[in-house]
Amino acid sequence: STPPVTYTASDLKLLTAIASQAANAIENIRFYEYRLQEERIKSNLERYMSPQLARAVIDSKDENLLKNCKKNLVILFSDIRDFTTKCEELQPEKMVEYLNIYFESMVNVIFDHGGTVNKFVGDMIVCMFGAPAPLEDCEKRAIKAAIGMQDCLKTIPNDWIRDNFRTGIGISSGEVVVGNIGSPHHVDYTAIGDQVNVASRLQSLAKGGQILAGRSIYDATHHDFNFREVGIVKVKGKKNKIEVFEVLY
């Protein structure tokens, strides 16, 4: 029979030290792989939503940020004028290519000012300021973003886009319901309420290059920006007329 192996206390200490180092090495590898996976998830999410919304989705501590609730937000709509006509001038593949260049530039401006992109509808961009995380000076940020978007469009590094894309922007603010809205299989983090409709109507009134804002935006920012009073306008879908102001930039 094989004689028994006798281990000393020093052997046990050495074995324990080796086992501890091996466990630490394995744990470090697992942690590294986890961080790589987390970064991939975060990177992919940020392709579909704003960085602050992606962080709220990933970070369990921010789960309450995504619950349905009433909030005072600023809503911004931006749309390319005569886009359907422009589409007829190009092959679909080329139009998609140009739209992606346009969207990338516009979204970068929105993100730079703390906005959250809500959705794209065709060539229209819908974004909000003040959700999911609270944001100071939302009205100022929205106007700065709108001006930045219009200025960016004039210098975008594509001749055809510069010559053909003209956008109208509408901005409104007020209490809306914001949160996860949809089905159990698919939800959108979005805002619903009268002020969303007002921003949409202001955008539809805006000519290429114009930024139109409602009374609440004017009241919060008229000391910081120049405005022209357009007047009281009756818009589709609203019983009451709304006051309209043009941002001069």
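Residues numbered from 1 in each chain as written. Predicted model: local features only at pLDDT ≥ 70, side-chain atom pairs only at ≥ 80, totals over all residues. Heavy atoms only, no water.

A. Quick peek at the overall build of the chain. Check the secondary structure of the chain and you find eight helices and eight strands. Per-residue burial for the chain yields a buried fraction of 41% across its 249 residues. (Helix = DSSP H or I, 4+ residues; strand = E, 2+ residues; numbered from the N terminus. Buried < 20%, exposed > 50% of the residue type's maximum accessible area, 1.4 Å probe, protein only.)

B. Region of the structure containing unusual backbone geometry. Residue Pro132 follows Ala131 across a cis peptide bond; omega there is 5°. Mapped onto the elements, Pro132 comes out in the loop between strand 3 (124–129) and helix 5 (138–155). The phi torsion at Asp82 lies on the positive side, around 55°, for a residue other than glycine. Here Asp82 shows up in the loop between strand 1 (69–80) and helix 3 (83–87).

C. Structural detail: the confidence of the model for the chain. Confidence in the prediction for the chain averages 85 pLDDT; 81% of positions are at 70 or higher. Taking the mean pLDDT of every element in the chain, the minimum, 66, falls on helix 2 (residues 51–58) and the maximum, 98, on strand 6 (residues 211–213). (pLDDT = per-residue confidence, 0-100.)

D. Spotlight on the side chain of Thr167. The topology assignment puts Thr167 in strand 4 (residues 167–182). Only 3.0 Å separates the side chain of Thr167 from the side chain of Gln150, close enough to count as a polar contact. Setting aside residues no more than four positions away along its own chain, Thr167 makes contact with Ser78, Asp79, Ile80, Tyr102, Gln150, Leu153, Lys207, Gly208, Gly209 and Gln210. (Polar contact = N/O pair within 3.5 Å; in protein donor to acceptor, adjacent residues only side chain to side chain. Contact = heavy atoms within 4.5 Å.)

E. Structural detail: the nonpolar core. With 40 residues, the main nonpolar core has Leu76, Tyr102, Phe129, Ile143, Met149, Phe165 and Ile171 as its most contacted residues. Among residues more than four places away in sequence, those in contact with Met149 are Leu76, Ser78, Met106, Val109, Ile110, Ile125 and Ile169. Counting 13 residues, the second largest nonpolar core, distinct from the first, contains Leu73, Val126, Met128 and Ala131. (Core = buried A, V, L, I, M, F, W, Y, C linked by side-chain atoms within 4.5 Å.)

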